[in-house]
Amino acid sequence: MIVYLHGFRSSPQSYKARVMQQHMQELRRMDEFFCPALSPSPAEAIAQAEAIIATADPSQRATLTVIGSSLGGFYATWLAEKYACKAVLLNPAVKPPRDLESYVGVTTYYHSDEVFEFKAEYVAQLRALAVEKITRPERYFLLVATGDEVLDWREMVAHYLGAKQKIIEGSDHGIAEFADYLGLVMAFCDDEV
């Protein structure tokens, strides 16, 4: 089972989510792939992911991987620690309470004109989900771009010390060439830890 979690202001329509979905369709493994439209509330977003995880039969749970992009990477880390599953982190947010505090208010999603409110209480919800240090680095695969214009890649590398890491020279926050790294991502998802 693969659960893909998009980032802040993003959606299942993001480039990386669509690439993953297309790849899983080509592999005829769509029954193993889930990509929910996450609530702006961190507590609700986690509850959405946990509801999907709860539907897995025991054989799927053993191979659970959570893939998270940006804020979704922050959520994926919390879930990996709670469920002792694997996580693939794509330019993950390491300190979203700090980074998103300035976004409190009304904004829109990137892939639509839909408006949503990021409430002040959501910053506290993010603080409650913070993982200060990962416990089993072998469960994590970090894919970061040094050209990330939104988050500091060095902070990501330091936070996931000991994890499998692929550092892309240049690129951007969205990892424009994500399709080129799909083989590495899928190999990690399908590998037993």
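Refer to the preceding data block for the structure.
Residues numbered from 1 in each chain as written. Predicted model: local features only at pLDDT ≥ 70, side-chain atom pairs only at ≥ 80, totals over all residues. Heavy atoms only, no water.

**Student:** What is the right way to read the pattern of salt bridges from this model?
**Tutor:** One pass over the full model with this rule turns up 9 salt bridges. The salt bridge involving Lys-82 is made with Glu-50; its shortest N-O contact spans 2.7 Å. One end of the pair, Lys-82, is in helix α4 (residues 71–83); the other, Glu-50, is in helix α2 (residues 42–55), and 32 residues separate them in sequence. The class for Lys-82 is partly exposed, based on a relative accessible area of 47%. One salt-bridge network, held together by shared partners, links Arg-29, Glu-32 and Asp-190. (Salt bridge = Lys/Arg side-chain N within 4 Å of Asp/Glu carboxyl O. Helix = DSSP H or I, 4+ residues; strand = E, 2+ residues; numbered from the N terminus. Buried < 20%, exposed > 50% of the residue type's maximum accessible area, 1.4 Å probe, protein only.)

**Student:** So what exactly am I meant to see when it comes to the packing of helix α1 (residues 15–26) against helix α8 (residues 182–190) here?
**Tutor:** Angle between the axes and distance between the axes: these two values describe a pair of packed helices. Their axes nearest at 12 Å, the elements α1 and α8 cross at an angle of 65°. Classified by the angle between their axes, α1 and α8 sit roughly perpendicular to one another. Judged by the sense of rotation from one axis to the other, the crossing of α1 with α8 is right-handed. On α8, the residues that touch Val-19, Met-20, His-23 and Met-24 of α1 are Leu-182, Val-185 and Met-186. Here the contact of α1 with α8 is composed, by residue class, of 6 nonpolar, 1 polar and no charged. (Axes fitted to C-alpha atoms, helices over the stretch in contact; angles between N-to-C directions. Parallel < 35°, antiparallel > 145°, perpendicular 65-115°, else oblique. Left-handed = near helix turned anticlockwise from the far one by under 90°. Contact = heavy atoms within 4.5 Å. Nonpolar A, V, L, I, M, F, W, Y, C, P; charged D, E, K, R; others polar.)

**Student:** Would you mind showing me how to read the environment of Gln-21 here?
**Tutor:** Here Gln-21 is to be found in helix α1. You can call Gln-21 partly exposed: its relative accessible area is 31%. Distance from Gln-21 to Ala-54, taken between C-alpha atoms, is 21 Å for residues 33 residues apart in sequence. Setting aside residues no more than four positions away along its own chain, Gln-21 makes contact with Met-30 and Phe-33.

**Student:** Would you mind showing me how to read the pairing of strand β6 (residues 115–118) here?
**Tutor:** One face of the sheet, then the other: side chains in a regular strand alternate in exactly this way. Covered by surrounding structure in β6 are Phe-116 and Phe-118 only, the residues Val-115 and Glu-117 on the alternate face being uncovered. Here strand β5 (residues 105–108) runs beside β6; their pairing, made up of 4 bridges, is antiparallel. Paired with Thr-108 across the bridge in β6 is Val-115. (Pairing = 2+ DSSP bridges.)

**Student:** Any chance you could explain the packing of aromatic side chains here in plain terms?
**Tutor:** Two descriptors summarise a pair of aromatic rings, namely the distance from one centre to the other and the angle between the planes of the rings. This structure, assessed with the given rule, holds 8 aromatic pairs. On the numbers, 5.9 Å between centres and 80° between planes, the contact of Phe-8 with Phe-116 is edge-to-face. Of this pair, Phe-8 sits in the loop between β1 (2–5) and α1 while Phe-116 is found in strand β6, placing the two residues 108 residues apart along the sequence. Assigned by exposure class, Phe-8 and Phe-116 land together as buried. For the pair Phe-141 and Phe-188, a centre-to-centre distance of 5.6 Å together with 45° between the ring planes defines the contact as tilted. Taken together, the residues Phe-141 in strand β7 (residues 140–145) and Phe-188 in helix α8 connect sequence positions 47 residues apart. As far as burial versus exposure is concerned, Phe-141 and Phe-188 are alike and both buried. (Phe/Tyr/Trp six-rings, centres within 6.5 Å; stacked < 30°, edge-to-face > 60°.)

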